[in-house]
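# Coordinates in review
Residue-level listing of the chains:
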Amino acid sequence: MSASLLSAQNLTCIREDRILFDDLSFDIYPGDIVQIEGPNGAGKTSLLRILAGLSQPYEGSVRYQESSIKTDSEAYHQALLYLGHTPGVKGELSAEENLNFNLSLHNLSNDYAQASLDKVNLLGFEDSLASHLSAGQHRRIALARLYAALNAKQNNDSNGANANAIWILDEPFTAIDKQGVADLEQLFIAHTNQGGCVILTTHQDLSICADKVKKITLEYQF
Amino acid sequence: MWKWLHPYANPETSYQLAGRLQPWFTGLSAVLLLIGLVWALAFAPADYQQGDSFRIFYIHVPAAILSMGLYTSMAIIAFTGLVWQLKLADASTAALAPIGAVFTAIALFTGAAWGKPMWGTWWIWDARLTSELILLFLYLGVIALHNAFEDKALAGKAAGILAIVGVVNVPIIHYSVEWWNTLHQGATVTKFGRPAMAPEMYWPFLLCLFGFAFMTAAIVCMRFRTEVLARNAMRPWVRALALQASESQEAK
Amino acid sequence: MTTSANLSYSKLFNLVLKRDLTIALRHKDDIINPLLFFVIIITLFPLGIGPEANTLARIAPGIIWVAALLSTLLSLDRLFKSDYQDGSLEQLLLSPYPVFVWVLAKVFAHWLITGLPLILIAPLLAALLYLPEQSFVALMLTLLIGTPVLSLIGAIGVALTVGIKKGGVLLSLLVLPLYIPVLIFATSAIDTAGLSLPYSGQLAIIAALFFTSLTLAPLAIGAALKVSTN
């Protein structure tokens, strides 16, 4: 078995005096698509945020290539592409300015911006201020980064083998239509074929990549 | 190097330890305060200038010293907590801040009460009193920030960072206020006379200081224990404790 | 194909600075409102105290500096709040760069947007308060070195309170006591200049405060942001 990309070790998470999950361990390998399931309040978002390093677990650790993501955070952030509940889009900037900033911040060339906006059907809107766009369009500006990351990978244009390889996506399909979801699933397959991995939460059933998906189920605990 | 400390990073162990230490601190504090206060208030000689009103010194100065000391220790604990990720440090910040704030308030109040017969006015912008007032604001900031967070662990961390920022500022503030005070001081203001203390004043003062210090330690143990319990309410050992307590109550 | 776009620290600094300035320029209220607040606060004093020139001149340094503290405080909210709400802050925290670089860029942008206009308008308000002429240079210099300190220390407070729903009043409670040294040395420098005495000592102390906060504040801001986004 090849070495794991990301490994969760004995994670315990406590929020407001409630144990969300206790002693949770798993490994994620290149090529994995992992869906985290569970009812509302079971701690899906908390788990994703702990994996991304935004939240600290009460106990346990997350390791990227055998080193803790806390001690080696810069290398991990290089490999990480996280999209949270909020898309990180500024209303005062245009769609393209938003994307360009996010690409530059994560070491992706702005040359990919146009093609990526095209992929998420925002061509023609690139100069509109984001405050004039809808919630779904905001989400798509954020998702455009995924296409840019894959493009860079296919062009051997990324920083190191694992650059932007670990995708952690919190409800990426929110406000996205059917066709968009299908496109994204194709994108996930292409990404994992390149040796990347996807960790996501969603309330929708994945159809196209269903047989590839591994599931982690969180129970609601009292 | 930190191995010997490690068991105490466990909430249960440190809860027990604080419980074992608390009666000692309480006892020591009671003895020291009893001797110290009686000696200071009844037997120590009155000040030749200030008369009996000088005796408030035996409460004012220990309170002022402890108010500064507690803030510093709060910041040191918060710092170690941030660096070594000790969860218990958060509980300690929460335990220390209100005690420190109360000592600061006592120092301010006794300072004002002492000032009335000395200066003829309750408040004077004396450098020490002004610094103490600002210290009170810093304490209140830490407490307010701690209360504003829903999540106890985050509250402790945020308050800890503020305490560290504050402790870097305390000497700067103190120095600037001292400097401001000498700059604006009129000729009529008389500062506290601090002549070399006679030994018959010195010993009761020391007893009072340590008495108050041990009292603080006892209260810190008590508050620390409740904080640990509140933060670990869902842990099995806390549940077992609660069960034990309710059983023994029923037995009575 | 292009080479990978790995940013140097200075490029990242410029990138964030440019972004924040663009946003502020497209949202001009952020620049104008604190400035208006500054002007209005200062006009209130002659109305409350009386227009007597000597009294006003005597308290002018204090008034201007207290008004500067308050208007900085008012504008601090925009530093991290919208980034926190729309998720940009998470993206910044997850970028493969040290936090202090973009934090400094954001604080610098904040100072350019709120501190600099304040300095530019200050002489006008000083004239309204009959500040003696020989104090003007001191006023400008103290504001120039002192307002960045306000932005840096204030940023710690915002970083701590950004996740709290009603953090506004709390923020002033946390930050204002920490502003006291700047206030004391700045007003004293202006007073001293009014007596035509050298005030370089006070300026040096404010400069020392500036460099101390420049080196230490980003660490505290970074730690605080990590707690707030937790």
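Read on for a plain summary of the structure.

Rules used throughout
Residues numbered from 1 in each chain as written. Chains lettered and ligands numbered in written order. Predicted model: local features only at pLDDT ≥ 70, side-chain atom pairs only at ≥ 80, totals over all residues. Heavy atoms only, no water. Helix = DSSP H or I, 4+ residues; strand = E, 2+ residues; numbered from the N terminus. Buried < 20%, exposed > 50% of the residue type's maximum accessible area, 1.4 Å probe, protein only. Contact = heavy atoms within 4.5 Å. Areas by Shrake-Rupley, 256 points an atom, 1.4 Å probe, with all protein chains shown as cover. Lys, Arg positive; Asp, Glu negative; His and termini not counted. Charge placed at Lys NZ, Arg CZ, Asp CG, Glu CD. Buried area = accessible area lost by both parts, 1.4 Å probe. Salt bridge = Lys/Arg side-chain N within 4 Å of Asp/Glu carboxyl O. Expected span 1.5 Å × (residues − 1). Polar contact = N/O pair within 3.5 Å; in protein donor to acceptor, adjacent residues only side chain to side chain. Pairing = 2+ DSSP bridges. 1 Å grid on protein atoms, 1.4 Å probe; cavity = no way out; pocket = protein on both sides within 12 Å on 5 of 7 lines; lining within 4 Å. Points joined across faces, edges and corners; volume = space filled by probe spheres on them. Nonpolar A, V, L, I, M, F, W, Y, C, P; charged D, E, K, R; others polar. Patch = residues over 30% accessible without salt bridge, like charges linked within 9 Å, V, L, I, M, F, W, Y side chains within 5 Å. Axes fitted to C-alpha atoms, helices over the stretch in contact; angles between N-to-C directions.

### Some details on the overall build of chain A
Helix and strand content of chain A: six helices and nine strands. Overall size of chain A, expressed as C-alpha extent along the three principal axes, is 50 × 35 × 35 Å. With 222 residues in all, chain A has 57% of them scored as buried. Partitioning the intrachain contacts of chain A with sequence separation of at least 6 by distance along the chain shows that 71% fall at a separation of at least 24. With the model as given, the accessible surface of chain A reaches about 8,900 Å², and the carbon-plus-sulfur share is 46%. The positive charge centre, built from 16 side chains, and the negative charge centre, built from 27, are 2 Å apart in chain A.

### Quick word on the interface of chain A and chain C
Note on interface size: it is often stated as the accessible area lost on association of the parts. Contacts between chain A and chain C engage 37 residues on the former and 33 residues on the latter. Taken together, both faces of the contact between chain A and chain C bury some 3,000 Å²; the carbon and sulfur share is 54%. When residues of chain A are sorted by the area they lose upon contact with chain C, A:Lys90, A:Phe101 and A:Leu105 head the list and together hold 21% of the total. At the surface where chain A touches chain C, the tally comes to four salt bridges.

### Let's talk about helix H4 (residues 127-148) of chain B
Because each turn of an α-helix spans 3.6 residues, side chains separated by three or four positions in sequence point in the same direction. Helix length check: H4(B) (22 residues) gives 31 Å between terminal C-alpha atoms against 32 Å at 1.5 Å per residue, within 8%. The distance from a side-chain oxygen at the start of H4(B) to the backbone nitrogen of B:Arg128 is 3.0 Å, and the residue carrying that oxygen is B:Asp126.

### Concerning the pattern of salt bridges
Inspection of every chain in the model, using the stated rule, returns 11 salt bridges over all chains. Between C:Asp20 and C:Arg19 there is a salt bridge, with the nearest N and O atoms lying 3.0 Å from each other. Residue classification places C:Asp20 among the buried positions, given a relative accessible area of 5%. C:Arg78 is the salt-bridge partner of C:Asp30, the closest N and O atoms lying 3.1 Å from each other. Taken together, the residues C:Asp30 in helix H2 (residues 29-49) and C:Arg78 in the loop between helix H3 (53-76) and helix H4 (81-86) connect sequence positions 48 residues apart. Through salt bridges that share partners, A:Lys90, C:Arg19, C:Asp20, C:Asp83, C:Asp86 and C:Lys106 make up one connected network.

### What to know about unusual backbone geometry
All names here are of chain A. Despite not being glycine, glutamate 66 has its phi angle at roughly 75 degrees, a positive value. Examined against the element boundaries, glutamate 66 turns out to sit in the loop between strand E4 (59-64) and strand E5 (67-68). The backbone of asparagine 121 sits at a positive phi, close to 60 degrees, despite the residue not being glycine. Relative to the helices and strands, asparagine 121 resides in the loop between helix H4 (113-119) and helix H5 (135-154). Judged by relative accessible area, asparagine 121 falls into the exposed class, the value being 55%.

### Digging into the sheet that holds strand E1 (residues 6-15) of chain A
All names here are of chain A. Spatial strand order, E2-E1-E4-E5: four strands in an open sheet with antiparallel pairing. This sheet does not close on itself; its edge strands, each paired only once, are strand E2 (18-28) and E5. Taken together, the two bridges between E4 and E5 define a ladder with antiparallel strand orientation. The residue bridging tyrosine 64 from the neighbouring strand is serine 67, located in E5.

### Comments concerning the pairing of E1(A)
Residues and elements named next belong to chain A. Counted residue by residue, E1 has seven buried out of 10 residues, so it is predominantly covered. In terms of strand pairing, E1 meets E2 through seven bridges, oriented antiparallel. Note on E2: the bridge partner recorded for alanine 8 is phenylalanine 26. Note that E1 and E4 share five bridges and pair antiparallel. Within E4, the residue paired with serine 7 across the bridge is arginine 63.

### Let's talk about empty space enclosed by the protein
Summed over the entire model, instances satisfying the criterion amount to five cavities of 30 Å³ or more. Of the volumes computed, that of the largest cavity is approximately 60 Å³. In terms of lining, the largest cavity is formed by B:Met68, B:Ser131, B:Ile134, B:Leu135, B:Leu138, B:Val170, B:Ile173 and B:His174. Looking at the lining of the largest cavity, the elements with two or more residues in it are H4 and helix H5 (152-184) of chain B. Among the residues forming the lining of the largest cavity, the class breakdown is six nonpolar, two polar and no charged. Its volume calculated, the second largest cavity comes out at about 50 Å³. The wall of the second largest cavity is formed by B:Tyr71, B:Phe137, B:Leu138, B:Gly141, B:Val142, B:Leu162, B:Val165, B:Gly166, C:Leu173, C:Leu174 and C:Leu178. Elements supplying a minimum of two residues to the lining of the second largest cavity: H4 and H5 of chain B together with helix H8 (168-194) of chain C.

### Some words on a nonpolar patch on the surface
Residues and elements named next belong to chain B. A cluster of nonpolar side chains, Val31, Leu34, Ile35, Val38, Trp39, Phe43 and Trp203, forms an exposed patch at the surface whose accessible area comes to about 740 Å². If you tally residues by element for the nonpolar patch, the top one is helix H1 (residues 11-43), at six residues. Mapped onto the fold, tryptophan 39 is located in helix H1. Taking relative accessible area as the criterion, tryptophan 39 reaches 30% and is therefore assigned partly exposed.

### Topic: the interface of chain B and chain A
Between chain B and chain A, the residue contacts involve eight residues of the former and nine residues of the latter. In this assembly, chain B packs against chain A so that about 860 Å² is buried in total across both faces, 44% of it on carbon and sulfur atoms. Looking only at chain B, the three residues that lose the most surface to chain A are B:Lys87, B:Met234 and B:Arg235, adding up to 55% of its buried area. Here chain B is connected to chain A by zero salt bridges. Of the residues that constitute the side of chain B that touches chain A, the class distribution is two nonpolar, two polar and four charged.

### Overview of the sheet that holds strand E8 (residues 197-201) of chain A
Residue and element names in this part refer to chain A. A sheet is described by the order of its strands in space; here five strands give the open sequence E6-E7-E8-E3-E9, paired in parallel fashion. A single partner strand is all that each edge strand has here, and the edge strands are strand E6 (80-83) and strand E9 (213-217). Adjacent strand axes in the sheet meet at a mean angle of 15 degrees, parallel and antiparallel pairs treated alike. Sheet topology places E6 next to strand E7 (residues 166-170); four bridges connect them, and they run parallel.

### A word on helix H1 (residues 44-52) of chain A
For H1(A), the buried fraction is high: eight of the nine residues fall into the buried class. Every buried residue of H1(A) is accounted for by A:Lys44, A:Ser46, A:Leu47, A:Leu48, A:Arg49, A:Ile50, A:Leu51 and A:Ala52.

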